[in-house]
There are 2 protein chains.
Amino acid sequence: MKDTITVGLLGLGTVGSGVIEILEDHKESIQHKTGCNVTIKTVLVNNLSKPRDLKNTSTKLTDRYEDITQDPEIDVVVEVMGGIDHTLTILREAIENGKHIVTANKDLVAQHGDELFEASYRNKCDLFYEASVAGGIPIIRSILDGLSSDKIRKMMGIVNGTTNYILTKMTKEGVDFDAVLKEAQELGFAEADPTADVDGLDAARKMTILSILGFSMPFNLEDVEIKGIRGISLADIQYAEQLGYSVKLIGVAEHDDTGVAVSVEPTLLPIEHPLSSVNDEYNAVYVYGDAVGETMFYGPGAGKLPTATAVVSDLIAVVKSLRLGTSGTAYVQPQFSKQVKEKKDQLTKKYMRLHVHDQPGMLMELTKIFAQYGISFDQIIQREADKDDERELMMVTHQVSEEDFQRAYNDLESLSSIRSVDSVFRVEGSN
Amino acid sequence: MKDTITVGLLGLGTVGSGVIEILEDHKESIQHKTGCNVTIKTVLVNNLSKPRDLKNTSTKLTDRYEDITQDPEIDVVVEVMGGIDHTLTILREAIENGKHIVTANKDLVAQHGDELFEASYRNKCDLFYEASVAGGIPIIRSILDGLSSDKIRKMMGIVNGTTNYILTKMTKEGVDFDAVLKEAQELGFAEADPTADVDGLDAARKMTILSILGFSMPFNLEDVEIKGIRGISLADIQYAEQLGYSVKLIGVAEHDDTGVAVSVEPTLLPIEHPLSSVNDEYNAVYVYGDAVGETMFYGPGAGKLPTATAVVSDLIAVVKSLRLGTSGTAYVQPQFSKQVKEKKDQLTKKYMRLHVHDQPGMLMELTKIFAQYGISFDQIIQREADKDDERELMMVTHQVSEEDFQRAYNDLESLSSIRSVDSVFRVEGSN
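Residues numbered from 1 in each chain as written. Chains lettered and ligands numbered in written order. Predicted model: local features only at pLDDT ≥ 70, side-chain atom pairs only at ≥ 80, totals over all residues. Heavy atoms only, no water.

Caption draft 1: Structural view of the sheet that holds strand β5 (residues 100-103) of chain A. Taken in spatial order, the six strands line up as β3-β2-β1-β4-β5-β6 (chain A) in an open sheet, and their pairing is parallel. Of all the strands in the sheet, just β3 (60-62) and β6 (127-128) of chain A have a single pairing partner and so form its edges. (Pairing = 2+ DSSP bridges. Helix = DSSP H or I, 4+ residues; strand = E, 2+ residues; numbered from the N terminus.)

So, in structure tokens, the structure goes:
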């Protein structure tokens, strides 16, 4: 049995240097847990001439990935460089050369997970990716092992820290979207180009991964309905609060007899729901299982050391299975073929805010359109609007199918009394 | 490789029948995950003549435990019968006969874990016990695997559902302890003899197990300082609320350079702390790691199906390692010898409520006693008491050592102005 496991590291950015830091700080404890030493032999970087602070002088820097993928001494490749196409090429080659993989790359796993899983399975390699969803929260392991005997019905995730930070700030300080986004960018909580976060794509990638694992079906990003929080209005957050809700960007993945629906969208959550108290840049995944009922996993969704913790925990798992001779056995092919819910079977409550002409019979006309599709309302609040002849309406429906709601929504156009539909959000029950 | 794994079940109470239910309901999914069938061959019961509803007619009931421990066909023994001495005898024999063990028995693990781990290690048997702490929450796995690369500094747990239910009811409905306890007993949330729950013993057992795992040191129940919630006053809950705190029965396990302190006691938690929103019979364990920062695991702490889910997830892990030939490798001996913090190194804030004579200079006298030991106050609130010549005082200290606080507390006796010290609780910061 080997007494040293040799690692090649792809990337030496924030997470990469966190991985090196944790491996050095916890050398003894890792030795104790795995029965062997874990050494980083080679690190792939973009720029060889940039000065680096590497304590372990035996670690070699390279800008040629083949120095890692083709080095027979390297057992495990840890990928924290990000990117998709080029990274896929490298990991493909690493796996074909029998390297085990730990990756933190959600974009890659969400888009090319199938191929990577298949290749690693064929080559009896491990492929772990805990850090790809919700940073430091061991959610993937909890779904695969801890809840392995249960049937998962629903997962709801706050899986993007940037948007949760923005929504928390807006809620607590009453500042509008653009101002908070600007501040978040200055503080480094939001990217210069915030598109992937703000428009929900990042969250959608994570929900794709969770859905594959939780429901054992081969989903991909195209199966997710995505709506971000760009330009979300302070008015909605404040009205929601008055109605007893918090506003969060929630990824929902639901499974019943009619199939699975996965979405990411701004959502009103009852204030007493466990996810409502997840604030700032924190992440949490709420899981509802047939047998276990409600559980929730809470923690930091990003950051150097939380993410590196997840990467190194995966690395320890790889090392253990290498030592035990059980590599490549962790992956289980999806048990079921994909079964996506039709719009008529997607049932939720909806919140709408709209501006209407203040004219007699307006509300009757409006509710009549919804009634045609069997949609009734749980709450309606009417307020003065800024303009004299207008009113602002907040409406929360009872349970309605996505199909019926879309039809009613389209019919609203025919109503001359409606000035604007300002927002439409999903509403979740307290379950 | 075997294609059927045969199980002996000890106990057919609530959890036992839950285990049978889950194994039957999820037969296919378990087959898919493990590559083999899992069958219960024999069930140990107390009373053979009691009618039972066992669908699987090939399952045999017995009242002789040797029919399980000595049956060479049985691979795994699942223990859900509870109890300590007799159960220990049975498990000891099962392990010596090479059976793998899954147990939900926190009392047994907290008291005799050492012996059982040693025996199972020696016999190359698996021993899993996820259900022994926080029912359906996969917390043990999260500590052992998910956070395996981190150094855990602090764990705080709401790990007893009964007391959390009682405190939630008192807080939300303003009902006093005795009335809520009575109601909880009628509803079956509390035992007829509530001692183990209400006096903190049950929580202490769970904190013992978490401390062994989290800090890799061989603790036992005697290392835990225990104070329950019996007779806790509604007044304290209401004052705490006004000061911005919730009152919870919290198990705290802390590790720093001076050692480890483990306690269970009524604690004031800032209202915005993630544990403050854990209500009713729910459990949660908050873990603070050097690298990961704050994480929290939330879910049902008890109940038939949640507990059975944890048991069956353990069983799946045993079956996987049997199939992979890696049985008995999961256990890691504690890395460190036990290092218990001295009282002078145990630093916390304290809340006190007391009744004093309303006389001039009283407050000065009182604070002088504390000042002798370097103890100062963060908040002092003075109120009218029921009796004319008395005042009620609520005081929250700054950080103080347990030793200094005890000394000051003892000195209070010398003060003639003090009528009664009604309560002393721990106060946790927001971290």
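Caption draft 2: Here's a closer look at the domain arrangement of chain A. Residues and elements named next belong to chain A. For chain A, the assigned domains are domain 1 (4-135 + 304-324), domain 2 (139-300) and domain 3 (343-427). Each of domain 1 and domain 2 has a C-alpha centre, and the two are 28 Å apart. Contacts between the two partners involve 15 residues from domain 1 and, on the opposite side, 13 residues from domain 2. In total, domain 1 and domain 2 occlude about 1,400 Å² of area from one another, counting both sides; carbon and sulfur atoms represent 63% of this. Together, Ala 110, Glu 130 and Val 133 form the three largest contributors to the area buried by domain 1 at its contact with domain 2, with a combined 38%. Counting every contact that joins domain 1 to domain 2 gives four salt bridges. Residues Asp 107 and Arg 205 are paired through a salt bridge, measuring 3.1 Å at the closest nitrogen-oxygen approach. Where domain 1 packs against domain 2, one counts six residue pairs in polar contact (both at pLDDT 80 or more). Counting residues per element, the ones that place at least two in the side of domain 1 that touches domain 2 are α5 (106-122) and α12 (304-324). With five residues, the single largest contributor to the side of domain 1 that touches domain 2 is α5. A class-by-class count of the residues in the side of domain 1 that touches domain 2 yields seven nonpolar, four polar and four charged. (Domains from an automatic or database assignment. Contact = heavy atoms within 4.5 Å. Buried area = accessible area lost by both parts, 1.4 Å probe. Salt bridge = Lys/Arg side-chain N within 4 Å of Asp/Glu carboxyl O. Polar contact = N/O pair within 3.5 Å; in protein donor to acceptor, adjacent residues only side chain to side chain. Nonpolar A, V, L, I, M, F, W, Y, C, P; charged D, E, K, R; others polar.)

Caption draft 3: Local environment of helix α1 (residues 14-25) of chain B. All names here are of chain B. Compared with an ideal rise of 1.5 Å per residue, which puts 12 residues at 16 Å, α1 spans 16 Å between its outermost C-alpha atoms and is within 8% of the ideal. All of the buried residues along α1 are Val 15, Gly 16, Gly 18, Val 19, Ile 20, Ile 22 and Leu 23. Elements in contact with the buried residues of α1: β1 (4-10), α2 (27-34), β2 (37-44) and α12 (304-324). (Expected span 1.5 Å × (residues − 1). Buried < 20%, exposed > 50% of the residue type's maximum accessible area, 1.4 Å probe, protein only.)

Caption draft 4: Representation of the nonpolar core. Of all hydrophobic cores here, the largest spans 155 residues; its most connected members are Ile 139 and Tyr 351 of chain A together with Ile 139 and Tyr 351 of chain B. Residues contacting Ile 139 of chain B, with those up to four places away along its chain left out, are Glu 130, Val 133, Ala 134, Leu 210, Val 285, Val 287 and Phe 297 of chain B. (Core = buried A, V, L, I, M, F, W, Y, C linked by side-chain atoms within 4.5 Å.)

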